[in-house]
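Geometric and topological summary
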Amino acid sequence: MEFLKEVPKEVWYATVDLINKLLYPVTATTVGVGKLIEHKFSTLTEIHKIIAKKTLEEASEKISKLKISNFNNVVVKPQIIYIVLENVDSQSDDFMRSLWANVTARELTEGSVHPEIARLFSKLTAPDLMVLSELYSQHSSITKLLLKALASAYTLGISRDPKSFHHVYLADLGLIDDVSGKWFVTTKGKELIRCIGEVEKAASAATMS
């Protein structure tokens, strides 16, 4: 939470107006979503507002890099942004916040994040994600990048034991499955990896179609 020390004092008194400044260009085409997000944001504590603001800013920056000018075909589900705002505690970690920003940016540009996937992501720790990414990394360049980023920050205490708690927990959530003694990432697990990945290629391709 080092970034909190750099926040100007006046930001501690931030109002819900910042939601419109950050997200209005995207949510304007989805009737009422901006107001619903504003209301949810207003229920946060001041410290949580600062963390949430940082996540929304990162999502906004990711969206701006895509240079998308038309969001008419995007239907944003407010419950996705609610889940993002309800999990601001985990976003004090820079890397995890970047993943939440990816989820936010994907929903705002594609409207493609299923609420269950967002809820599942909120239940995972960085070590859980590392195990999930390792199991799927051989199939996807996205997870290879994710795994590299995770490994740089979270290497201690990660069990390579295929019967570790992380494996059992991921299986209980339906993200991986044991087939003949070998773990495989399920469709649900693959979708979670997709939703927390960067949005550049997918969103850019969508704008060209």
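Please refer to the structure higher up on the page.
An account of the accompanying structure is given in this report.

So, how was this worked out
- Residue numbers run consecutively from 1 along every chain, following the written order of its sequence.
- For a predicted model such as this one, the threshold for reporting local features is a pLDDT of at least 70, and the threshold for listing and counting side-chain atom pairs is 80 or more; totals across whole chains, interfaces and linings nevertheless cover every residue.
- Note that water and hydrogens are dropped before the side-chain values are worked out from all heavy atoms of the structure.
- Strands here are runs of E lasting at least two residues and helices are runs of H or I lasting at least four, both read from the DSSP assignment and numbered beginning at the N terminus.
- Contacts described as polar in this section are N or O atom pairs within 3.5 Å, which, within protein, must combine one atom able to donate a hydrogen with one able to accept it, while residues neighboring in sequence count only if both atoms come from side chains.
- Angular values range over 0 to 180 degrees, each being the angle between N-to-C directions of two axes fitted as lines to C-alpha atoms, with helices fitted over their stretch in contact.
- For classification purposes, angles smaller than 35 degrees are called roughly parallel, those larger than 145 roughly antiparallel, those between 65 and 115 roughly perpendicular, and all remaining angles oblique.
- By definition in these notes, contact holds between two residues if any of their heavy atoms fall within 4.5 Å.
- Each residue is assigned to one of three groups, with Ala, Val, Leu, Ile, Met, Phe, Trp, Tyr, Cys and Pro labelled nonpolar, Asp, Glu, Lys and Arg labelled charged, and all others, Gly among them, labelled polar.
- In what follows, salt bridge is the name for a side-chain nitrogen of Lys or Arg lying within 4 Å of a carboxyl oxygen of Asp or Glu.
- Only protein chains enter the accessibility calculation, which uses a 1.4 Å probe; a residue is then buried when its area is under 20% of its type maximum, exposed when over 50%, and partly exposed in between.
- By convention, a stacked pair of Phe, Tyr or Trp rings (six-membered ring in the case of Trp) has centres within 6.5 Å and planes under 30 degrees apart, an edge-to-face pair has planes over 60 apart, and any other such pair is tilted.
- Throughout this description, the term charge over a ring refers to an Arg CZ or Lys NZ atom that lies within 6 Å of the ring centre and within 35 degrees of the ring normal.

**Describing the side chain of Arg 97**
Here Arg 97 shows up in helix α5 (residues 94-110). Of the polar contacts made by the side chain of Arg 97, one reaches the side chain of Asp 94; its length is 2.8 Å.

**Examining the packing of helix α7 (residues 126-136) against helix α9 (residues 165-172)**
Interhelical geometry of α7 versus α9 gives an angle of 80° and a closest axis separation of 10 Å. By the angle between their directions, the pair α7 and α9 is classed as roughly perpendicular. Contacts between α7 and α9 involve Pro 127, Asp 128, Val 131, Leu 132 and Leu 135 from the first element and His 166, His 167, Tyr 169 and Leu 170 from the second. Partitioned by chemical class, the residues of the contact of α7 with α9 number six nonpolar, two polar and one charged.

**Some points on the pattern of salt bridges**
Side-chain pairs of opposite charge can arise where the charged atoms are in close proximity. Within this structure, the stated rule accounts for 11 salt bridges. For Lys 40, the salt bridge is made with Glu 86, and the minimal N-O distance between the two is 3.0 Å. One end of the pair, Lys 40, is in helix α2 (residues 33-42); the other, Glu 86, is in helix α4 (residues 78-86), and 46 residues separate them in sequence. Judged by relative accessible area, which is 19%, Lys 40 ranks as buried. Across the pair Arg 97 and Glu 58 runs a salt bridge, and its minimum N-O distance is 2.9 Å. On the criterion of sequence distance, the pair formed by Arg 97 in helix α5 and Glu 58 in helix α3 (residues 46-66) is long-range, its members being 39 residues apart.

**Remarks on the environment of Leu 173**
Counting through the fold element by element, Leu 173 comes out in the loop between α9 and β1 (176-179). For Leu 173, a relative accessible area of 13% puts it in the buried group. Through-space distance from the C-alpha of Leu 173 to that of Lys 188 is 9.2 Å; in sequence the pair is 15 residues apart. With near-sequence residues (within four places) excluded, Leu 173 lies in contact with Leu 120, Lys 123, Leu 124 and Lys 188.

**Structural notes on the packing of aromatic side chains**
Applying the stated criterion across every chain, the model contains two aromatic pairs. When the ring of Trp 100 is compared with that of Phe 121, the centres are 4.5 Å apart and the planes differ by 45°; the resulting orientation is tilted. Taken together, the positions of Trp 100 in helix α5 and Phe 121 in helix α6 (residues 115-122) put the pair 21 residues apart, joining distant regions of the chain. Using a relative accessible area of 1% as the deciding quantity, one classes Trp 100 as buried. If you follow Lys 40 out to its NZ or CZ, it ends over the ring of Tyr 82, 5.6 Å from the centre.

Keep in mind these numbers describe shape, not what the thing actually does.
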